[in-house]
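# A look at the structure
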Amino acid sequence: MIAVITGDIINSRLVEPSLWLPNLKEILNTIGKEPQDWEIYRGDSFQLKVDAKNALYVALIIKASIKEDKNLDVRMAIGIGKIEYPTKKITESNGSAFVHSGECFDVMKRETLMVRSSNQEFDHIVNLLLSLATLTINSWTPATSEIIKTTLIYPNKSQKELAEFLNKKSQGNISEHLKRGGYDEILRLHNYYKEKIVALC
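The rules we used
Residues numbered from 1 in each chain as written. Predicted model: local features only at pLDDT ≥ 70, side-chain atom pairs only at ≥ 80, totals over all residues. Heavy atoms only, no water. Salt bridge = Lys/Arg side-chain N within 4 Å of Asp/Glu carboxyl O. Buried < 20%, exposed > 50% of the residue type's maximum accessible area, 1.4 Å probe, protein only. Helix = DSSP H or I, 4+ residues; strand = E, 2+ residues; numbered from the N terminus. Patch = residues over 30% accessible without salt bridge, like charges linked within 9 Å, V, L, I, M, F, W, Y side chains within 5 Å. Areas by Shrake-Rupley, 256 points an atom, 1.4 Å probe, with all protein chains shown as cover. Expected span 1.5 Å × (residues − 1). Contact = heavy atoms within 4.5 Å. Polar contact = N/O pair within 3.5 Å; in protein donor to acceptor, adjacent residues only side chain to side chain. Pairing = 2+ DSSP bridges. Right-handed = clockwise from strand over helix to strand, strands pointing away.

This brings us to the pattern of salt bridges. Applying the stated criterion across every chain yields a total of nine salt bridges. One salt bridge connects Lys53 with Asp51, and the closest N-O pair in it is separated by 3.3 Å. Of the residues examined, Asp51 reaches a relative accessible area of 33% and is grouped as partly exposed. Residue Arg180 pairs with Glu176 through a salt bridge whose shortest N-O separation is 2.2 Å. Taken together, the residues span about one helical turn, with Arg180 and Glu176 both in helix α7 (residues 171–180) at a distance of four residues. Among the residues examined, Arg180 registers a relative accessible area of 46% and is labelled partly exposed. On the accessibility criterion, Glu176 (42% relative accessible area) is partly exposed. Salt bridges here are not isolated pairs; linked through shared partners, they connect Lys63, Lys67 and Asp73.

On to a nonpolar patch on the surface, then. On the surface, Leu128, Leu132 and Leu135 cluster together into a nonpolar patch covering about 330 Å² of accessible area. Summarising the element assignment, Leu135 is placed in helix α4 (residues 120–137). For Leu135, a relative accessible area of 65% puts it in the exposed group.

What follows deals with α4. Taking 1.5 Å of rise per residue, the 18 residues of α4 would be expected to cover 26 Å, and the 24 Å separating its terminal C-alpha atoms lies within 8% of that figure. Regarding α4, the residues found buried are Phe122, Asp123, Val126, Asn127, Leu130, Ala133, Thr134 and Ile137. On its buried side, α4 packs onto α2 (55–66), β5 (113–116) and α8 (183–200). Where α4 begins, the capping side chain belongs to Asn119, and its oxygen is found 3.1 Å from the backbone nitrogen of Glu121.

Further remarks concern the pairing of strand β4 (residues 73–81). Counting buried positions along β4 gives eight out of nine residues, so the element sits mostly inside the fold. Relative to β4, strand β1 (residues 2–10) runs antiparallel, the two being bridged by nine bridges. Residue pairing in the sheet places Ile2 in a bridge with Gly81 of β4. Sheet topology places β4 next to β5; four bridges connect them, and they run parallel. For Met76, the partnering residue across the bridge sits in β5 and is Leu113. The parallel pair β4 and β5, bridged by helix α3 (residues 96–107), forms a crossover whose chirality is left-handed.

Everything listed here is a matter of coordinates, which is why it stays silent on function.
Spelled out as structure tokens, the structure:
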């Protein structure tokens, strides 16, 4: 089971691409190779494929990275399914994962993170949880976003190590931002999502 994430940068015209594009490319490069696994197109839109179990985790890292700039946010639709027609460019490939991702992206209004699969019950429950989670996620400050992104990328680092890595004043500073950003609750949501994806497979 594969996930295709279709996304675009909100308010991208207000910020120089040089301030956010390198960060996005760096994350995408850790996931796969361009253009087979990911592409950026139309300046501020992107598409990538990941293992379905890891899709929400990856989306959260991207979200935190983009929100390190206070003027930016990102909208992402996660499509779960298969790739029936793979090509050398992800934007030319096809399959149910692409169809679900595109359909999901087209119906997004105020939502900034949604999922669609062939299982309506799964979609309904997960999207309800995502709606609640994004009430907190969408209000992440740049400082909170930086700390959550780094914690997601380096989950085995202690808070003391994270403080040293990020040149923050103290472990308490890290703890405060993680609590404010709902980090523990978001991890529980991710674990629930993974359990349900495994059941779908």
